[in-house]
Amino acid sequence: MVVGTELRGLRRRRPDIAGIVLAGTDGLLISSDLPSTDATHLAALAAASFGLGHRVADTVRRGDFRESVVRTTAGCVVTYPAGRTGLLTLVTVATADALEGLHEEARAVARRAGSVLDNRGGRAPASAVPDAHAPLAVRTPMATLPAQLRRAARPTWRRPPI
């Protein structure tokens with residue numbers, strides 16, 4: 001798989017990367033070299049981070065979301081968009097000085113991986129990013145439903161005899 005080769009190549013070139021997760025914007029894991037439970041959780045957290053970052057970028061109207069960086073005492077966790085439906089997340093031990101070089105290389109890998117994800121045939125692994133100003137939900141009043149659906153909505157359960 002081309003994406004796996006890209007991720008392995010990035011990991012080989014950058015020894016400061018401790019782990020890589022490729023996930024969909026819906027939080028589902030696509031590929032990883034972390035233990036599976038950590039990778040699944042990180043994929044979901046990356047999607048949440050991306051959603052929040054995307055929403056903030058859209059609200060302040062300062063361009064598109066580029067990355068989310070969480071700095072810890074032992075390194076960083078960086079999430080980059082990868083095409084329309086993917087996210088590349090790196091767990092690093094990089095210092096602030098090494099982070100800029102990492103950004104350039106990781107963005108290039110995210111672009112290539114995203115291109116593969118966007119162009120592959122069949123169903124997409126994740127949903128596209130929704131419009132940030134779209135309503136969160138649409139409710140249908142019961143009165144607008146057809147009569148047969150309204151009847152079916154009545155409870156059929158009855159109290160058992162004592």
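Check the entry above for the structure.
Parameters and conventions
Residues numbered from 1 in each chain as written. Predicted model: local features only at pLDDT ≥ 70, side-chain atom pairs only at ≥ 80, totals over all residues. Heavy atoms only, no water. Helix = DSSP H or I, 4+ residues; strand = E, 2+ residues; numbered from the N terminus. Buried < 20%, exposed > 50% of the residue type's maximum accessible area, 1.4 Å probe, protein only. Contact = heavy atoms within 4.5 Å. Core = buried A, V, L, I, M, F, W, Y, C linked by side-chain atoms within 4.5 Å. Pairing = 2+ DSSP bridges. Axes fitted to C-alpha atoms, helices over the stretch in contact; angles between N-to-C directions. Phe/Tyr/Trp six-rings, centres within 6.5 Å; stacked < 30°, edge-to-face > 60°. Salt bridge = Lys/Arg side-chain N within 4 Å of Asp/Glu carboxyl O.

Undergrad: Give me the lowdown on the overall build of the protein, citing residues and values where you can.
TA: Looking only at helices and strands, the protein features four helices and five strands. By the burial criterion, 34% of the 162 residues in the protein qualify as buried. Put simply, of all contacts in the protein between residues at least 6 apart along the chain, 51% involve residues at least 24 apart.

Undergrad: Just give me the short version of the nonpolar core, but keep the residues and values in it.
TA: In terms of nonpolar packing, the biggest core is built from 20 residues, with Leu7, Ile20, Leu22, Leu88 and Leu90 touching the most fellow members. Elements that contribute at least two residues to this core include exactly helix H1 (2–13), strand E1 (17–24), strand E4 (75–82), strand E5 (86–92) and helix H3 (96–119). Residues contacting Leu7, with those up to four places away along its chain left out, are Ile20, Leu22, Ser31, Leu88 and Val109.

Undergrad: An account of the sheet that holds E4 is requested, with residue identities and associated values reported.
TA: With antiparallel pairing, the five strands of this open sheet are ordered in space as E2-E1-E5-E4-E3. Two strands lie at the open edges of the sheet, namely strand E2 (29–32) and strand E3 (68–72), each paired on one side alone. This sheet shows a mean twist of 15° between the axes of neighbouring strands, independent of strand direction. Two strands pair when backbone bridges link them, and E1 and E5 are joined in this way by seven bridges, in the antiparallel orientation. Counted as the bridge partner of Val21 is Thr89 from E5.

Undergrad: Talk me through the packing of aromatic side chains; I want residue IDs and the actual numbers.
TA: Summed over all chains, the structure comprises one aromatic pair. Ring centres 5.1 Å apart and planes at 85° place the aromatic pair Phe50 and Phe65 in the edge-to-face group. Note that Phe50 is positioned in helix H2 (residues 36–60) and Phe65 in the loop between H2 and E3, a separation of 15 residues in sequence. Taking the relative accessible area as the measure of exposure, Phe50 reaches 7% and is therefore buried. With a relative accessible area of 12%, Phe65 lands in the buried category.

Undergrad: Pulling in residues and values, what's your account of the side chain of His103?
TA: Turning to its location among the elements, His103 is positioned in helix H3. Here His103 falls in the buried class, since its relative accessible area comes to 6%. Contact partners of His103, with chain neighbours within four places excluded, come to Glu67, Val69, Val78 and Tyr80.

Undergrad: Just give me the short version of the pattern of salt bridges, but keep the residues and values in it.
TA: If you walk through the whole model with that rule in mind, you get seven salt bridges. One salt bridge in this structure joins Arg112 and Glu6, with 2.8 Å as the shortest N-O distance. Of this pair, Arg112 sits in helix H3 while Glu6 sits in helix H1, placing them 106 residues apart in sequence. For Arg112, a relative accessible area of 39% translates into the label partly exposed. Glu6 sits in the buried class, given a relative accessible area of 18%.

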